[in-house]
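Residues per chain are reported as follows:
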Amino acid sequence: MGASEAALQLLSGKLSCQVRTSSILANSNSLLCYERRFKARNCGDWRYKQIKGLKKLQDCSSLHAFRGLHSVFRGEKIHNRSNLSICNCQQPERVSKTIIKGGNGKSMHTVSPKIPNLTPDEQNMKQENGARPFSEGFKTASPVNSRPRTNTESIEDEAWHFLRAAMVYYCGSPVGTIAANDPSEATMLNYDQVFIRDFIPSGIAFLLKGEYDIVRNFILHTLQLQSWEKTMDCYSPGQGLMPASFKVRTVPLDNDESATEDVLDPDFGEAAIGRVAPVDSGLWWIILLRAYGKCSGDLSLQERVDVQTGMKMILRLCLADGFDMFPTLLVTDGSCMIDRRMGIHGHPLEIQALYYSALLGAREMLAPEEASTDLVRALNNRLLALSFHIREYYWIDVKKLNEIYRYKTEEYSYDAINKFNIYPDQIPPWLVEWMPSEGGYLIGNLQPAHMDFRFFSLGNVWSIVSSLANIDQSHAILDLIEAKWEDLVADMPLKICYPALEGQEWRIITGGDPKNTPWSYHNGGSWPTLLWQLTVACIKMKRPEIAEKAIKIAERRLSRDRWPEYYDTRRGGFIGKQARLFQTWTIAGYLVAKLLIANPEAAKMVINVEDTELLSAFSSILSSNPRRKRSRKRVKQSFII
């Protein structure tokens, strides 16, 4: 259902939701309730009159159909003015018996999962978290207790303690976990925010533990923050973009300094170092939405009209036509987990693997309706073209390396072998010595006259998880990890990329970034959070012993080193020079890895199996001569490579 149709249903009283206006945001710089503000101003605006006549406002995360500039329909409930610190508004997961009519005419029921009983310590932590202001009203997680682990307490118990201490509450309910909870760090920067990509392992851990509320709340509240406005301002988010992070703030009400309320304050990259918008946030959001449905069995969340609309907006943003000729997603540098300048602009493997996974997951969850026909067709076309492109042109092993070594250049024809005009001299000397006789991997990037031969762990591992890599390639990637264990794992799993940029190359590509010095941070640093993605990939390929070996290595130091963000040096032997301690996704990544090793079947919530229709179409492409001369006349076909 389009936004205009949703708006008509809203104003006709068919949908229950809460409305906001950009003028309020311009004055208050926060996400404040439309209805209450118009009451406070005794305003006779027609929008307030329409809202006042609606059915009782039950669901504060309903379809965001009527939007103003920058942020409309943020959807918080009406706050209790008598409560001076904590907003007691009704949360989305507590709504029951709410029926929303979908675009296909079907009724979609919002299910209210049971809220788990909290221990007295957790209740105290929750109350403290909900009441204590921090830094201009921002409510952070509870201060972490860095007490030494007792003899009877396992590493997992300690990890759960720190993960729960990182939880952030909004209006009394958990909505996420902050990036780091380091009590020794005076300058938090944006580590005190809830990042979408950082919360994914936390969300998976809570799902595996049977605690679904925090994941449901996170999905709905981040959906409320999604950008709905097409803008020409280069400093405003594009339509459909998910924020990189958000924080929960406690702010005073206008004209009533004695009363406060909770608001969500998103960051789309406007305040980020480098001012880069997050490309991966929306992709991770779709992956987590699918995981929630598979793990909890609650499919009503993904069937909601607002969730369906938000998912379609992400897809349209990613599938939009542009000047790029490739089926891969074109992005700028620093727009993913590697959020600093590292020469990954263009078509980095990490984004392509997440893109493929999100497209497959969205296709599963999209409600069958006539309005989605064109979107599904475009989605299928892109899936086939993307899988062919990555498997055919990103793959590197000894055989392919020798083929590149003998490439002819400056070929102008439709049936050229060296399609991207790659010069053999681009093959770096380190790769000739490093490439094992058995195994292979997907290169980090491909552009005209440029191949980034670095090994990027997340992109390769998630290509296995998403089935972007075929079965033989998936096994070959794991073979390479085993063969190059001392380079990629060593003293702490897992190298984010290999090798590091050094010397003049580092200075030119990174701009002399002092945080990205060789074998540190994103430039060859070791990131323990990658344990969980490695574990999922190993479970999928029925080789869990690789993940078990990596987990044992991590267990030797993670607790003792106080759960650092990353490790430095070629072998990952030193705690990162600027690494935060008690890094939440380090803690959550370890927990997910342990939980999945104990229950491998649960990994199916994030695994994408090979699609038989795509596989058949892919095989037909390979069976024909891919180097045949293409006709200039337009060919009518379903899939375009």
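Predicted model, so just to flag it, every value in this text is computed and none were measured.

Trainee: Help me out: how do you make sense of the sheet that holds strand 6 (residues 245-253) in this one?
Mentor: The pairing of strands in a sheet happens through backbone hydrogen bonds and is either parallel or antiparallel. The sheet built from 3 strands is open, its strands ordered 5-6-7 with antiparallel pairing. Single-partner strands in this sheet number two, and they are strand 5 (194-195) and strand 7 (256-267). Direction of pairing for strand 6 relative to strand 7: antiparallel, over a ladder of 9 bridges. Each residue of the ladder has a partner; that of P252, found in strand 7, is T260.

Trainee: Quick question: what am I supposed to make of the packing of aromatic side chains here?
Mentor: The way to describe two aromatic rings as a pair is by their centre distance and the angle between their planes. Considering all chains together, one arrives at 22 aromatic pairs under this definition. Measuring from ring centre to ring centre gives 5.5 Å for Y521 and W527, while their planes differ by 50°; the resulting arrangement is tilted. The exposure classification of Y521 matches that of W527, with both residues buried. W527 sits in the buried class, given a relative accessible area of 1%. Among the aromatic residues, ring-to-ring pairing joins W430, W434, Y441, F455, Y498 and W519 into one connected group. Across from the ring centre of W485, 4.5 Å away, lies the NZ or CZ of K549, which sits over that ring.

Trainee: Looking at this model, I keep getting lost on helix 9 (residues 280-296). Mind explaining?
Mentor: Spacing of three or four residues puts side chains on the same side of an α-helix, whose turn is 3.6 residues. With 17 residues, helix 9 ought to run about 24 Å at 1.5 Å a step, and its terminal C-alpha atoms sit 24 Å apart, in line with that. With 14 of 17 residues buried, helix 9 lies mostly within the body of the structure. Trailing helix 9 by a residue or two, G297 shows a phi angle of about 80°, which is positive.

Trainee: How do you make sense of unusual backbone geometry when you look at a structure like this?
Mentor: Leaving glycine aside, a negative phi is the common case for residues, and trans is the common case for peptide bonds. Each neighbour pair has its own omega, and for P493 with L494 the value is 10°, a cis peptide bond. Position of L494 among the secondary structure elements: in the loop between helix 18 (485-488) and strand 13 (497-498). Positive phi values are uncommon outside glycine, yet C171 reaches one of about 55°. Looking at the secondary structure, you find C171 in the loop between strand 3 (167-170) and strand 4 (173-177).

Trainee: Just to check I follow, could you spell out the environment of L360 for this structure?
Mentor: Tracing the chain through its elements places L360 in helix 12 (residues 349-365). L360 sits 249 residues away from V609 along the chain, and the two C-alpha atoms are 9.3 Å apart. Ignoring sequence-local partners within four residues, the contact set of L360 consists of L383, S466, N608 and L614.

Trainee: What is the right way to look at the pattern of salt bridges in this model?
Mentor: Pairing of side chains with opposite charge becomes possible as their charged atoms draw close. Applying the stated criterion across every chain, the model contains 22 salt bridges. D611 serves as the salt-bridge partner of R363, at 2.4 Å between the closest nitrogen and oxygen. Placement of R363 in helix 12 and of D611 in the loop between helix 22 (584-598) and helix 23 (612-623) is noted, with a sequence separation of 248 residues between them. Judged by relative accessible area, which is 18%, D611 ranks as buried. Between D491 and R571 there is a salt bridge, with the nearest N and O atoms lying 3.0 Å from each other. Highlighted residues: D491 in the loop between helix 18 and strand 13 and R571 in the loop between strand 14 (567-568) and strand 15 (574-575), separated in sequence by 80 residues. Residue classification places R571 among the partly exposed positions, given a relative accessible area of 36%. Among the charged side chains, a network of salt bridges with common partners joins E156, E555 and K594.

Trainee: Would you mind showing me how to read the side chain of R580 here?
Mentor: With respect to the helices and strands, R580 occurs in the loop between strand 15 and helix 22. Accessibility expressed as a relative area gives 6% for R580, which makes it buried. Within the local environment of R580, its side chain forms a polar contact with the backbone oxygen of T187, the two atoms lying 2.9 Å apart. Not counting residues up to four positions away in its chain, the partners in contact with R580 are A180, D182, E185, T187, M188, L189, Y191, W563, P564 and E565.

Trainee: Hey, could you run me through the packing of helix 21 (residues 544-555) against helix 22 in this one?
Mentor: The description of two packed helices rests on the angle between their axes and on the distance between the axes. Their axes nearest at 11 Å, the elements helix 21 and helix 22 cross at an angle of 140°. As judged from the angle between their axes, helix 21 and helix 22 are oblique. Considering the relative orientation of helix 21 and helix 22, their crossing is left-handed. Each of P544, A547, E548, I551 and E555 in helix 21 lies in contact with helix 22, whose residues at this interface are Y590, A593, K594 and I597. Residues of the contact of helix 21 with helix 22, tallied by class, amount to 6 nonpolar, no polar and 3 charged.

Trainee: Honestly, the nonpolar core in this entry has me stumped. Any pointers?
Mentor: Soluble globular proteins tend to bury their nonpolar side chains together. The biggest cluster of nonpolar side chains holds 164 residues, and the ones touching the most others in it are I204, W285, Y441 and W462. For this core, the element with the highest residue contribution is helix 12, accounting for 11 residues. Once residues within four sequence positions are removed from consideration, W285 is found in contact with I219, T222, L223, M242, V307, M311 and I314.

Trainee: Mind showing me how you'd approach the pairing of strand 4 here?
Mentor: With 5 of its 5 residues buried, strand 4 lies for the most part within the structure. As judged from the 4 bridges shared by strand 3 and strand 4, these two strands associate in the antiparallel manner. Each residue of the ladder has a partner; that of Y169, found in strand 4, is P174. In this structure, the hairpin formed by strand 3 and strand 4 is closed by a connection of 2 residues, where C171 is found at a positive phi of approximately 55°.

Trainee: Teacher, can you tell me more about the pairing of strand 6 here?
Mentor: In the case of a regular strand, side chains alternate between the two sheet surfaces. Taken across its 9 residues, strand 6 has 8 buried, putting it largely inside the fold. When strand 5 meets strand 6, the two strands line up antiparallel, connected through 2 bridges. Residue pairing across strands places F195 opposite S245, the latter belonging to strand 6. Here strand 6 folds back onto strand 7 in antiparallel fashion, the turn holding 2 residues, of which N255 has a positive phi close to 65°.

Trainee: Would you take a moment to explain the confidence of the model for the protein for this structure?
Mentor: In regions of low pLDDT, the predicted coordinates are not meant to be interpreted in detail. Confidence in the prediction for the protein averages 79 pLDDT; 71% of positions are at 70 or higher. Here residues 1-138 scores under 50 on pLDDT; set against residues more than four positions off or in separate chains, the count is 312 contacts. Every residue in residues 627-637 is under pLDDT 50, and counting partners more than four places away or in other chains gives 10 contacts.

Trainee: Would you explain the side chain of N181 in this entry?
Mentor: Along the polypeptide, N181 turns up in the loop between strand 4 and strand 5. Side-chain polar atoms of N181 contact the backbone oxygen of A165, separated by 3.3 Å.

Trainee: Hey, could you run me through the packing of helix 11 (residues 305-319) against helix 13 (residues 373-394) in this one?
Mentor: Interhelical geometry of helix 11 versus helix 13 gives an angle of 50° and a closest axis separation of 11 Å. Our classification of the angle between helix 11 and helix 13 gives oblique. Between helix 11 and helix 13 the crossing geometry is left-handed. From helix 11, K312, L315, R316, C318 and L319 reach across to helix 13, where they touch L375, A378, L379 and R382. Per-class residue counts for the contact of helix 11 with helix 13 are 6 nonpolar, no polar and 3 charged.

Trainee: Would you explain the environment of Q352 in this entry?
Mentor: Examined against the element boundaries, Q352 turns out to sit in helix 12. Spatially, the C-alpha atoms of Q352 and P327 are 9.5 Å apart, while their sequence positions differ by 25 residues. Filtering out sequence-adjacent residues up to four positions away, Q352 remains in contact with T328, L329, H347, L386, I390 and L468.

Each value, and the rule that gives it
- Residues numbered from 1 in each chain as written.
- Predicted model: local features only at pLDDT ≥ 70, side-chain atom pairs only at ≥ 80, totals over all residues.
- Heavy atoms only, no water.
- Pairing = 2+ DSSP bridges.
- Helix = DSSP H or I, 4+ residues; strand = E, 2+ residues; numbered from the N terminus.
- Phe/Tyr/Trp six-rings, centres within 6.5 Å; stacked < 30°, edge-to-face > 60°.
- Buried < 20%, exposed > 50% of the residue type's maximum accessible area, 1.4 Å probe, protein only.
- Lys NZ or Arg CZ within 6 Å of the ring centre and 35° of its normal.
- Expected span 1.5 Å × (residues − 1).
- Contact = heavy atoms within 4.5 Å.
- Salt bridge = Lys/Arg side-chain N within 4 Å of Asp/Glu carboxyl O.
- Polar contact = N/O pair within 3.5 Å; in protein donor to acceptor, adjacent residues only side chain to side chain.
- Axes fitted to C-alpha atoms, helices over the stretch in contact; angles between N-to-C directions.
- Parallel < 35°, antiparallel > 145°, perpendicular 65-115°, else oblique.
- Left-handed = near helix turned anticlockwise from the far one by under 90°.
- Nonpolar A, V, L, I, M, F, W, Y, C, P; charged D, E, K, R; others polar.
- Core = buried A, V, L, I, M, F, W, Y, C linked by side-chain atoms within 4.5 Å.
- pLDDT = per-residue confidence, 0-100.

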